[in-house]
Amino acid sequence: MTSRGDRTSGDAAKRVAKRIRALVEDVNRHLGLYHGEDAPEISDAEYDRRFRELQELEAAHPGEVRADSPTRRVGAPPAEGFATVPHRVPMLSLDNAMDADEMRAFEERIRRALDREGPVAFLAEPKLDGAGVELVYEAGALSVGSTRGDGRMGEDVTANLRQLGSIPMQLAGDPADHPTRLSVRGEIVLPRAAFARLNEDRVARELEPFVNPRNAAAGALRMLHDVDLLRLRSLEFRAYAVAEGLPEGLQRQEQVLELLRSFGFRVSPECRTCPDVEAAITTHEAYLELRATLPVEIDGTVFKVDDLALQRDLGELARVPRWAIAFKFPAQQETTLVEDIFASVGRTGALTPVAKLRPVFVGGVTVSNASLHNQDEVERKDVRVGDTVVVQRAGDVIPQVVQVVLSKRPKRTRRYRLPKKCPVCGTEAVRSEGEAVTRCPDPSCPAKLRNRLLLLAGRGALDIDGLGEKLVEQLLEANLVGQPSDLWALSREALLELDRMGEKSADNLLAGLERARQTTLARFLIALGIPEVGGGVAELLGRRFGDLDPLLAASREELEAIDGIGPIIAEKVQVYFEEDAHLDEIARLRKHGVRWPTAPPQEDAAPPEGPLTDKTFVLTGTLNGLSRHEAKARIEAAGGKVTSAVSKKTDYVVAGEAAGSKLKKAQELGVSILDREGLEALL
Ligand code: IVH
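Residues numbered from 1 in each chain as written. Predicted model: local features only at pLDDT ≥ 70, side-chain atom pairs only at ≥ 80, totals over all residues. Heavy atoms only, no water.

Topologically, Gln311 is positioned in helix 10 (residues 308-314). A polar contact is formed between the side chain of Gln311 and the backbone oxygen of Val305, at a distance of 2.8 Å. The contacts of Gln311, once residues within four sequence positions are left out, are Gln253, Lys304, Val305 and Trp323. (Helix = DSSP H or I, 4+ residues; strand = E, 2+ residues; numbered from the N terminus. Polar contact = N/O pair within 3.5 Å; in protein donor to acceptor, adjacent residues only side chain to side chain. Contact = heavy atoms within 4.5 Å.)

Set out below in structure tokens:
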């Protein structure tokens, strides 16, 4: 019999393990959004809080530290499409201090580690809110520039970096003083003014504006196709460290910065030495005052032990140096009133609760709406209409409701629940078992039509120039489009009736539609929006059948016989083509001249060429929301191979929840490990 005490401590241990698992998953996801997609969903402050909670739990329960914990790595693995570059000296991250006491504790740790009585002098540098990069110079000439990636391997972005005026192609000064190999570290930033211009331009072109200069900078750096030279050229590189090639005889961090200046690099002019920790804290406060006047975004102060010999004595931990810290600025918060909560219907029919706020100026902009994400999130924060809430917009990230000020809650408020019916079409909304999202299931919901049009117009599908979100909304509002094929029936006159539609934009759209008619079968299949049919599957179907009619006539067995297509996809495809409404729409699209080159069907199609050609994968664990089967299909459709055993020849191990020995083996062999997001990024 277990005693009551045993059971409670067992329960507590289970709760800790569960919380750790949830945090690992959550932080990894946000890390992926931040680094992999340059599109964060939460503020840095919120990210830091979750990261810290995880760190603290792991410190208290070392047995529960998971292999895939984000505390064990920095950044995200490099994206496919760029060559990878190893960082000979790893690019580390920085520990954070959130207030003056944490800064004092940092200094105290240093003094203890060095067994030293006197004060420690620091060099204060603005913490630049951009993307970290490494520039390697050989014999004075720029040879490789790379992103931080996961700290050990970055992406080779030399070609893009060469466009930046602030990056010297050749080091300045006497060539005799140039080290054989010099590795310079610094930050790529997009000055505020350029950021504002860029977003104005994007809005004018009906593109979504960037959330903040950091994302715009990181995105620009990693442009692989359609390189936007103007955006690239407005980026700026600021140097702050030398990782290799530091000449002997330098004693202080300040001299490192002087050296960098003498080589022709820009260094933040605000850097200054602080004789002790109290001076450091005062400097930090001065930076906070200065912040709004600086040409670039900063989100705190980086303090580095000024004495290089002491830096070496202190050394590094796995992820961060012991001799430096990022003292962060407080998140920018304001309180305001929740005037209403409504549900908006998103791209996939997902119902998202949104708080309509009394407009409030926070973090440099007026905020009047904030997403509450989903029903669980609303319940967790218990946000109600009439509540006073704390709103945050740290580092210019999407505004969020941090918490309710309960003391200000008026009497007789009610908990918010998402509506039972879709607010757009009135269909009963559904929330499937185990899902956080509530959806409108009606395929003809206007919100979905909007999404269908956006999918069809997107890059991977028919790539219709000039058809962005705004215009789609306008077309729907004016009742000009009831189904995608109606796009090709639009007249110039009807377009010109739309608000703010000039002759040039109208002609642009018509020309875009004209060009989009000529496509490929695979792109056409993507454009239809058949469930489960993304790029990879569409390629497989296109290759196997060569034209649409043989595909329409295919039996489920024939579909399943295709390597890479399993019963689930086969069923979805067949069900889709069984519906008259779909067939009618296809007929209309063809009648409007949408066409593709046909090819003879290929019985046993050779493995397709794709971004993953010649890459070998091993799958292990459960991949949150993606079946093993589908993962295999999609990898194969992109040209990759899936095998069962991990060896040195394996290129990637895709590890999900509860991954076991294969993950361990991969770690031992140094094989790259991906999570679901990483795999999606590759695909
Ligand atoms: S030093 C080992 N100095 O902040 C020291 N980093 O949160 C690591 N950053 O990865 C870098 N301004 O990308 C340093 N003046 C500065 C910085 C700075 C911004 C970035 C850097 C780093 C990240 C850590």
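Quick look at the packing of helix 3 (residues 100-114) against helix 9 (residues 277-290) now. In the contact formed by helix 3 and helix 9, the axes pass within 10 Å of each other and the chain directions differ by 145°. The chirality of how helix 3 crosses helix 9 is right-handed. Facing helix 3, whose interface residues are Ala100, Met103, Arg104 and Glu107, helix 9 presents Val277, Glu278, Ala280 and Ile281. Partitioned by chemical class, the residues of the contact of helix 3 with helix 9 number five nonpolar, no polar and three charged. (Axes fitted to C-alpha atoms, helices over the stretch in contact; angles between N-to-C directions. Left-handed = near helix turned anticlockwise from the far one by under 90°. Nonpolar A, V, L, I, M, F, W, Y, C, P; charged D, E, K, R; others polar.)

For strand 15 (residues 388-392), the tally of buried residues reaches five of five residues, placing the bulk of the element in the interior. Of the two faces of strand 15, the one holding Thr388, Val390 and Gln392 and the one holding Val389 and Val391 are both buried throughout. Across five bridges, the pairing between strand 12 (residues 333-345) and strand 15 is antiparallel. Across the sheet, Thr336 pairs through a bridge with Val389, a residue of strand 15. With four bridges joining them, strand 15 and strand 16 (residues 400-404) adopt antiparallel strand pairing. Bridge pairing in strand 16 links Val389 to Val404. (Buried < 20%, exposed > 50% of the residue type's maximum accessible area, 1.4 Å probe, protein only. Pairing = 2+ DSSP bridges.)

Positive phi, close to 55°, is recorded for Asp463, a residue that is not glycine. Considering the arrangement of structural elements, one finds Asp463 in the loop between helix 12 (446-457) and helix 13 (469-477). With a phi close to 75°, Asp614 is a non-glycine residue in the positive phi region. Structurally, Asp614 is set in the loop between helix 21 (580-591) and strand 17 (616-620). Residue class for Asp614 comes out exposed when judged on its relative accessible area of 69%.

We now examine the nonpolar core. In terms of nonpolar packing, the biggest core is built from 55 residues, with Ile464, Leu487, Trp488, Leu525, Leu541 and Phe577 touching the most fellow members. For this core, the element with the highest residue contribution is helix 16 (residues 521-528), accounting for seven residues. Non-local contacts of Leu541, meaning those with residues more than four positions away in its chain, are made with Leu525, Val533, Gly546, Leu551, Leu559, Ile562, Ile565 and Val573. In this structure, Leu190, Ala217, Ala220 and Leu235 belong to the second largest nonpolar core, which totals 40 residues. (Core = buried A, V, L, I, M, F, W, Y, C linked by side-chain atoms within 4.5 Å.)

Taken as a whole, this structure holds 40 salt bridges when the rule is applied. Here Arg409 makes a salt bridge to Asp387, at a shortest N to O gap of 2.8 Å. Pair noted here: Arg409 is in the loop between strand 16 and helix 12 and Asp387 is in the loop between helix 11 (375-381) and strand 15, with a separation of 22 residues, a long-range link. Judged by relative accessible area, Asp387 falls into the buried class, the value being 0%. Between Glu539 and Arg543 there is a salt bridge, and its shortest N-O distance comes to 3.5 Å. A residue pair is termed a helical-turn pair when its members lie 3 or 4 positions apart in one helix, as Glu539 and Arg543 do in helix 17 (residues 535-545) at four residues. With relative accessibility at 37%, the residue Glu539 sits in the partly exposed group. A single network of salt bridges, built from pairs that share partners, joins Asp382, Arg384, Asp387, Arg409 and Arg415. (Salt bridge = Lys/Arg side-chain N within 4 Å of Asp/Glu carboxyl O.)

Close inspection of predicted coordinates is inappropriate for parts of the model with low pLDDT. Model confidence for the chain is summarised by a mean pLDDT of 87, while 92% of its residues fall at 70 or above. pLDDT under 50 marks residues 1-6. Its contacts with residues more than four places away, or in other chains, come to one contact. (pLDDT = per-residue confidence, 0-100.)

Okay, the packing of aromatic side chains next. Counted according to the given criterion, the structure contains eight aromatic pairs. Plain terms: the ring middles of Phe237 and Phe265 are 6.0 Å apart, the flat faces sit at 70° to each other, and that makes the pair edge-to-face. Of this pair, Phe237 sits in strand 8 (residues 236-244) while Phe265 sits in the loop between helix 8 (253-262) and strand 9 (272-274), placing them 28 residues apart in sequence. Comparing Phe237 with Phe265, the two get one shared label, buried. Cluster of aromatic residues (ring-pair linked, three or more members): Phe106, Phe122, Phe303 and Phe327. The ring of Phe545 has Arg544 sitting right over it, with the charged end atom 4.8 Å from the ring centre. (Phe/Tyr/Trp six-rings, centres within 6.5 Å; stacked < 30°, edge-to-face > 60°. Lys NZ or Arg CZ within 6 Å of the ring centre and 35° of its normal.)

With that out of the way, let us pick up the site of the ligand. Close to the ligand lie 14 residues; Glu125, Leu128, Arg148, Glu187 and Tyr240 are nearest. One of the side-chain nitrogen or oxygen atoms of Lys304 is found 3.1 Å away from a nitrogen atom of the ligand. Here the ligand has 520 Å² of accessible area as a free molecule, and 87% of this is covered by the chains. Listing elements by their share of the shell around the ligand, those giving two or more residues are strand 3 (122-128) and strand 10 (298-305). (Near = heavy atom within 4 Å. Areas by Shrake-Rupley, 256 points an atom, 1.4 Å probe, with all protein chains shown as cover.)

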